[in-house]
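# Summary of the model geometry
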Amino acid sequence: MKVSYNWLKEFVDIELSAAELAEKITMAGLEVDSVTKIDTCGSVVGEIVDITEKDNLYLTKVDIGSEVLNIATADKNVNLHDKFPVVKEGALLSNGVKISKKKFGDFVSEGMMLSAEELNLEDSSSGLLKLDETLRNGMALSEIDEFNDYIIDIELTPNRADALSILGVARDIKAITKKSIKYPKMDFALVEKNIKNYISVKIDDYKNCPRYTLLMADVVVKPSPMFIRLRLLKSGIRPINNVVDITNYVLMAMGQPMHSFDFNRLSGDICVRRAKNKEKILALDSKEYELDESMLVIADSKKPVAIAGVMGSEESSVTDDTKTVALESAHFNPVSVRMTARKLKLHSESSHRFERGVDPNLCLTASSYAMSLLEKYADAKVYMGYIDQKETEFKPKTIVCSFEGINRLLGSDFEQKAVKEIVEYLDFKPKVISIDKFKVTIPTYRFDIEGEADIAEEVARCMGYDKIAPTLPVVQTSFKRKKPVDYAKHQITKTLADMGLSESVNYSFTDSSKLKLFSKNEDEFVYLKNPLIEGQDVMRTTLVCGLLDNLKFNMSKNAKSAALFEIGRVFFKDGDFAKESDRLGAVMWGEASFNWIEGRRFYDFYDMKSVTEMLEKLFNIEFLYRKTERKFLHTGRGADLFVGGKDVGFIGELHPDFYDYYDIKFDKNMRIILCEVDLNSIAEYVTRVKMFEKLPKLPTVVRDLAVVVDKSINASDVKRAIGLFDNVYEVVLFDVYDKLEDSSKKSLAFRIVLKNDDKTFVDTEIEEIMNNIFNALVKKFDAKLRG
Amino acid sequence: MYHIKKEFEALIADAKTEEDIKQIKAKFLGKKGKVSELFKQMGGLGDEQKKEFGKNINKLKQYIEDSLTNKQTQIKEIRKKESLEKESIDVTLPARRGFLGSIHPITKTIIEIEDIFKSMGFDVETGYEIEFDRYNFEMLNIPKEHPARDMQDTFYINDNVLLRTHTSPTQIRVMESKKPPVMFISPGKVYRRDSDITHSPMFHQVEGLLIDKDIHFSDLKGVLSDFLKIFFGDVPVRFRPSYFPFTEPSAEVDIGCIICGGKGCRVCSNTGYLEVLGCGMVHPNVLKNVNYPDEYNGFAFGLGVERFAMLKYGIDNIKLFFENDIRFLKQFS
Ligand SMILES: [Zn+2]
């Protein structure tokens, strides 16, 4: 909310500069975003003393006191003796435009008359900014109070509806700086007409409209005086005419949204009722809205004339021809206004305030203020009497607080006297009722105050949070146990980074059309009801999509390789809710090495296998590698991973067909290798302790064995068969050779470490063991010795 | 004898190889060597003189032997050194095993934050990223139609299920399952329907909650000030009144701008301060919602991990975190 520094000063004495004030109220909970001094760009008051029209252009002579300038303007609304802000050639506007001489035929324009836009007071102006005629020609605008001002932009938290006005902010300043509020004059004369003879109001729905007041007056519609127009501009509201401007002025000043109807455009009496289904209204923003039964409207005998608390209709609005106005000042239910505004996507200064809460006791004060202004600036003749429909009075609530309780919650040592004083300045009317207790009466504009904690906050913020010295809590301590999955995540992250992989973090939502390529079961997808963009419409069920996106992105940046991993959640539908699971995903592609020692080598399956083997080592588990059934993996170069009979993930090359989906050219040297493991499935093994294995007592013996087997035989099966022998301590596969004469065969060479716990080996025993091993391999795998 | 010594010294000074040593040794100490010749000259001398002369020859002999041994050792040392020099390598060449991997700055930041709070005795809890409306809003004192819902634009799965907009539902989850006292932090992903230069639809928060008997707002100030000073270095910390529906009193915490040192710059919008944390004393309604006994109260806080990482590492664009450009990631090994 933008507030004028000078306007604030009318409501409360301020001895601080605008910047100091901003700092002060920020530290009291009204966070100031910015303080902007109005830049008058060196303009002065200029009076039009001559006008000639030529080709839609007005060639004027403008008296700026010291001289008379020739100025051309396109604004049709310039009249003789009008006064406008004027800058001479050479002046620099705040939007960076430099004023220079311009020729229009023989007419040389020597300056420019300004609009509010050029003075940075609104985003776009439709005409020049008219100044009061009483201002002296040539006077610098910066000498005029309304221009010598600061706009303070406050970012109000939603609880502080009470501060959505100049008065509201002034009340806070008053409490913090211990001053008092200066109320404006609100008196006006009455004429011999009684409102009751002209109109009546009926409320159908007191829940959503607890109060509705109406005043009437005959008026003369014309432009508002300069100070009203400028104050509205400074508040971000566009001036229209004196009647509309004054209701907006009061809204800004006091926080009471008001609406003025052209009485002669209303048909019959007013009824506050629910809208009929599909009832339509043409609102003041010139748009037509279709209403429904949940929405509250103000209606005359024929049709809705306003969407309650949101916006009036165009057909009942005040125009230049309006003679009599009916001034609405009402109280609407915040939820009802909020629902309606949201459904219609129609937000106004009025709905913004009603949604957050407007003082129900403010209605008549605000309309009196408006009437006094209308009398002064719209020649209003106010009718006697007023309409005030309500079912109940709006009584302030009371809260009993404890001085000690407040200090205990804050950890402060504030004296009773100081606390009481602050509460008094907040107009909470404290009454001490016992040695420690006091009762406060909460003004009806403070919807946010419910209990002692709220009073404590009020005290703390007015004192200043810095008045509470920091302490450290005294707590009951206990040991904390790290959760297995968290332990696993940390270990894996550290180890993979050590192994040369880089960690990625991807969005949890992805493109459903892509995800379908990787998922076995679309029924499990968790879709977003309101995705931000089409390509982020479903929660991921695998980390692979994101990692491939990362790969693609890096390829576009000319990366020659990528080894990435991610640890994150995947999501599956579970009835109306979802199941979440932690996954490890990894992708490798491109140059595994490119250096002076190894030269160039590309990532392959076995690089990725160091990831799964790391997991086996780290958590003492053993994966069973089964031929993959996942359609996105290379059938001959992929495996599904099983632990304890459960499918926990996969490892393998991306199927060549899938490169197309990612628009990546398939290069048989630069394969994409993927891996994913469900961490929750292996978490149960994480805390299992691996027991110590005794070292061989006697010296071990090392023998090599090379066998030729069919290519289809898994080396790991051969290795496992060797390991079955009691005397075998360790088996290392140190060579695989598949360029034999018989191309269906391969040679596997093992280093076998033998141990004997009873006595030292003799050669014949060793030979016997090696023979037994070989014979077993012959039997099981049809192995032959490599000759 | 004097000349022999001089001659020997000249020769040995020039000796370069073991072969030279051998020749010098033969020349002076061999059977026909100069020293042996000297012994032969002794024949014609008287007893006293012989004794004196013999002593001197032996002295010379000893001198030559010692010198030769020394020289030989020296030559060996030089040879050894020379042969090692020949095996010289370029020690500036890169190592065989490069340490090229990296931990994402978000993870690094979370780990650092966890470590600080763990050292104070906080536990680490994880929550759900897909949550019920009830846990994300209602139990946290944000009923439907509360204007505070506008502060957080929400992704919905269905009418009652959503992507959590903050890590605060974990407060409720933990308090529902554990009796007080509790003290934990909870890092994780959160989601808001918002995407521009400073907003990402997914980002990370760390939630904190401490509930015990007799906890004060001053304790919140103490814990968070210390935490911020450990994380960011010795910066000024200030607490400002603010509003969160689930805390009362509530505060926003600013640190002195670490970019400009408080003088005012673009990053801190010329205020000299950077907003880094939201916090407050847990609202009585929230404690009531989880049926915690009256004698318990405490504080809660929430911080944005990306913001912390951006300030700590000087990262200027939130998009960088999720593009996963290897050139970016590898800076965090
Ligand atoms: Zn700064």
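Residues numbered from 1 in each chain as written. Chains lettered and ligands numbered in written order. Predicted model: local features only at pLDDT ≥ 70, side-chain atom pairs only at ≥ 80, totals over all residues. Heavy atoms only, no water.

### A word on the overall build of chain A
Secondary structure summary: chain A contains 19 helices and 40 strands in total. Scaling as 2.2 N^0.38, a compact globule of 787 residues should have a C-alpha radius of gyration of about 28 Å, whereas chain A reaches 41 Å, well beyond that. Taken over 787 residues, chain A has a buried fraction of 54%. By sequence separation, contacts in chain A at least 24 residues apart represent 68% of the contacts at least 6 residues apart. Entry remark: accessible area of chain A is about 37,200 Å², with carbon and sulfur atoms responsible for 48%. If the 112 positive side-chain charges of chain A are averaged to one point and the 125 negative ones to another, these points end up 3 Å apart. (Helix = DSSP H or I, 4+ residues; strand = E, 2+ residues; numbered from the N terminus. Rg over C-alpha atoms; globule rule 2.2 N^0.38 Å. Buried < 20%, exposed > 50% of the residue type's maximum accessible area, 1.4 Å probe, protein only. Contact = heavy atoms within 4.5 Å. Areas by Shrake-Rupley, 256 points an atom, 1.4 Å probe, with all protein chains shown as cover. Lys, Arg positive; Asp, Glu negative; His and termini not counted. Charge placed at Lys NZ, Arg CZ, Asp CG, Glu CD.)

### What to know about the domain arrangement of chain B
The domain architecture assigned to chain B consists of domain 1 (2-86) and domain 2 (105-332). Here domain 1 of chain B and domain 2 of chain B have C-alpha centroids that lie 88 Å from each other. (Domains from an automatic or database assignment.)

### Quick word on the interface of chain B and chain A
Contacts between the two partners involve 93 residues from chain B, matched on the other side by 83 residues from chain A. Of the roughly 7,300 Å² buried where chain B meets chain A, counting both sides, 57% is carbon and sulfur surface. Contact with chain A buries surface across chain B, with Ile130(B), Glu145(B) and Pro241(B) losing the most and accounting together for 9% of the total. Linking chain B to chain A there are 34 residue pairs in polar contact (both at pLDDT 80 or more). No other element matches helix 8 (residues 217-232) of chain B, which puts seven residues into the side of chain B that touches chain A. (Buried area = accessible area lost by both parts, 1.4 Å probe. Polar contact = N/O pair within 3.5 Å; in protein donor to acceptor, adjacent residues only side chain to side chain.)

### Structural notes on the packing of aromatic side chains
Tallying each qualifying case throughout the model produces 43 aromatic pairs over all chains. For the ring pair Phe623(A) and Tyr625(A), a centre distance of 6.4 Å and an interplane angle of 80° mean the geometry is edge-to-face. The exposure class assigned to Tyr625(A) is partly exposed, which follows from its relative accessible area of 27%. Among the aromatic residues, those joined into a cluster by ring pairs are Tyr507(A), Phe509(A), Phe155(B), Tyr191(B), Tyr313(B), Phe321(B), Phe322(B), Phe328(B) and Phe332(B). For Arg626(A), the ring lying beneath its charged end belongs to Phe642(A), and the centroid distance is 4.1 Å. (Phe/Tyr/Trp six-rings, centres within 6.5 Å; stacked < 30°, edge-to-face > 60°. Lys NZ or Arg CZ within 6 Å of the ring centre and 35° of its normal.)

### Quick look at the confidence of the model for chain B
Confidence in the prediction for chain B averages 91 pLDDT; 98% of positions are at 70 or higher. Overall fold confidence (pTM) sits at 0.88, and the ipTM for the predicted complex is 0.89. (pLDDT = per-residue confidence, 0-100.)

### A closer look at the nonpolar core
Here is a general trend for soluble globular proteins: nonpolar side chains tend to be buried in one another's company. Core analysis: the largest hydrophobic core is formed by 121 residues, its most contacted members being Ile455(A), Phe518(A), Leu548(A), Ile672(A), Leu674(A) and Ile130(B). Looking at which element gives the most residues to this core, the answer is helix 8 of chain B, with eight residues. When residues no more than four places from it in sequence are discounted, the contact partners of Leu674(A) are Val544(A), Leu548(A), Ala586(A), Val587(A), Met608(A), Phe632(A), Leu633(A), Phe650(A), Ile651(A), Gly652(A) and Leu654(A). Ala163(A), Ile237(A), Val243(A) and Met254(A) belong to the second-largest nonpolar core, a separate cluster that totals 59 residues. (Core = buried A, V, L, I, M, F, W, Y, C linked by side-chain atoms within 4.5 Å.)

### Quick word on the sheet that holds strand 10 (residues 150-155) of chain A
Residue and element names in this part refer to chain A. A sheet is described by the order of its strands in space; here three strands give the open sequence 1-10-2, paired in antiparallel fashion. Looking at the sheet topology across the chains shown, the edges are occupied by strand 1 (2-4) and strand 2 (31-37). Adjacent strand axes in the sheet meet at a mean angle of 25° when their direction is disregarded. Pairing analysis gives six bridges linking strand 2 to strand 10, with the strands arranged antiparallel. Looking at the pairing, Lys37 lines up with Tyr150 of strand 10. (Pairing = 2+ DSSP bridges. Axes fitted to C-alpha atoms, helices over the stretch in contact; angles between N-to-C directions.)

### Points about the packing of helix 2 (residues 18-29) of chain B against helix 4 (residues 47-86) of chain B
Residues and elements named next belong to chain B. The interhelical angle for the contact between helix 2 and helix 4, taken along N-to-C directions, is 175°, at an axis separation of 10 Å. Comparing the axis directions of helix 2 and helix 4 gives the class roughly antiparallel. Contacts between helix 2 and helix 4 involve Glu18, Ile21, Ile24, Lys25, Phe28 and Leu29 from the first element and Lys61, Ile64, Glu65, Leu68, Lys71, Gln72, Ile75, Lys76 and Arg79 from the second. Here the contact of helix 2 with helix 4 is composed, by residue class, of seven nonpolar, one polar and seven charged. (Parallel < 35°, antiparallel > 145°, perpendicular 65-115°, else oblique. Nonpolar A, V, L, I, M, F, W, Y, C, P; charged D, E, K, R; others polar.)

### Details of unusual backbone geometry
Residues and elements named next belong to chain B. Pro181 follows Pro180 through a cis peptide bond whose omega is 0°. Tracing the sequence through the fold places Pro181 in the loop between helix 7 (169-177) and strand 5 (182-191). Residue Pro249 is reached from Glu248 by a cis peptide bond, and omega for that bond is -5°. Structurally, Pro249 is set in strand 8 (residues 247-256).

### Here we look at helix 4 (residues 226-234) of chain A
Residue and element names in this part refer to chain A. With eight of its nine residues buried, helix 4 lies for the most part within the structure. For helix 4, the full list of buried residues reads Met226, Ile228, Arg229, Leu230, Arg231, Leu232, Leu233 and Lys234. On the buried face of helix 4, the contacting elements are strand 1, helix 1 (5-11), strand 10, helix 5 (242-254) and helix 8 (363-377). Once helix 4 finishes, Gly236 follows within two positions and takes phi at roughly 85°, a positive value.

### Some remarks on the packing of helix 10 (residues 416-425) of chain A against helix 11 (residues 452-463) of chain A
Residues and elements named next belong to chain A. Packing of helix 10 against helix 11 brings their axes to within 10 Å, and their N-to-C directions diverge by 95°. Considering their axes alone, helix 10 and helix 11 lie roughly perpendicular with respect to each other. Side by side, helix 10 and helix 11 meet where Ala418, Val419, Ile422 and Val423 of the first sit next to Ile455, Glu458, Val459, Cys462 and Met463 of the second. For the contact of helix 10 with helix 11, the class distribution of residues is eight nonpolar, no polar and one charged.

### Notes on the state of the cysteines
In total, this model carries zero disulfides over all chains according to the counting rule given. No disulfide involves Cys271(A); its sulfur sits 10 Å from the nearest other cysteine sulfur, which is in Cys209(A). (Disulfide = S-S within 2.5 Å.)

### Comments concerning the domain arrangement of chain A
Split by domain assignment, chain A resolves into domain 1 (2-38 + 151-177), domain 2 (44-148), domain 3 (190-390), domain 4 (397-463), domain 5 (484-683) and domain 6 (701-785). Each of domain 4 of chain A and domain 6 of chain A has a C-alpha centre, and the two are 85 Å apart.

### Digging into the coordination of the zinc ion
Residues and elements named next belong to chain B. Taken together, Cys257 (SG), Cys260 (SG), Cys265 (SG) and Cys268 (SG) make up the protein donors of the zinc ion, found 2.2 to 2.3 Å from the metal. Note that the zinc ion binds four donor atoms; their angles at the metal cover 102 to 113°, and the shape is tetrahedral. Mapped onto the sequence, the donors of the zinc ion take the spacing C-x2-C-x4-C-x2-C. Look at Cys257 and you get buried, because its relative accessible area is 2%. (Donors = N, O, S within 2.8 Å, 3.2 Å for Na, K, Ca; no water. Tetrahedral: all angles 85-135°; square planar, octahedral: opposite > 155°, others 65-115°.)

### Concerning a nonpolar patch on the surface
Nonpolar side chains collect at one region of the surface, where Phe692(A), Leu695(A) and Tyr729(A) lie side by side and expose about 370 Å² of accessible area between them. Within the secondary structure, Phe692(A) is located in the loop between helix 17 (679-686) and strand 37 (701-710). (Patch = residues over 30% accessible without salt bridge, like charges linked within 9 Å, V, L, I, M, F, W, Y side chains within 5 Å. Salt bridge = Lys/Arg side-chain N within 4 Å of Asp/Glu carboxyl O.)

### Points about the pattern of salt bridges
Summed over the entire model, instances satisfying the criterion amount to 77 salt bridges over all chains. With a closest N to O distance of 3.0 Å, Glu279(A) and Arg273(A) form a salt bridge. Arg273(A) matches Glu279(A) in its accessibility class, with the two residues each being buried. With its nearest N and O atoms 3.4 Å apart, the salt bridge here joins Asp549(A) to Lys514(A). With a gap of 35 residues between them, Asp549(A) in helix 14 (residues 544-556) and Lys514(A) in helix 13 (residues 512-518) connect regions that are remote in the sequence. With relative accessibility at 30%, the residue Asp549(A) sits in the partly exposed group. Residues joined in a network through salt bridges with shared partners are Glu23(A), Glu31(A), Arg238(B), Arg240(B), Glu252(B), Asp254(B) and Glu275(B).

### Focus: the sheet that holds strand 25 (residues 431-432) of chain A
Residues and elements named next belong to chain A. With antiparallel pairing, the three strands of this open sheet are ordered in space as 24-26-25. Every other strand in the sheet has two partners, leaving strand 24 (398-402) and strand 25 as the edge strands with one partner each. Of the pairings in the sheet, the one linking strand 24 to strand 26 (residues 437-441) comprises five bridges and is antiparallel in character. The residue of strand 26 that forms the bridge with Thr398 is Thr441.

### A word on the side chain of Asp537(A)
All names here are of chain A. By the element assignment, Asp537 lies in the loop between helix 13 and strand 29 (538-539). As a buried residue without a salt bridge, Asp537 has its nearest oppositely charged side chain in Lys516, at a separation of 7.1 Å. At 2.7 Å, the side chain of Asp537 forms a polar contact with the side chain of Ser512. If near-sequence neighbours (up to four positions away) are discounted, Asp537 is found in contact with Thr510, Asp511, Ser512, Tyr527, Leu528 and Pro531.

### Regarding the pairing of strand 10 of chain A
Remember that side chains alternate between the two faces of the sheet whenever the strand is regular. One ladder, built from three bridges, connects strand 1 of chain A with strand 10 of chain A; its direction is antiparallel. Bridging from a neighbouring strand, Lys2(A) pairs with Asp153(A) of strand 10 of chain A.

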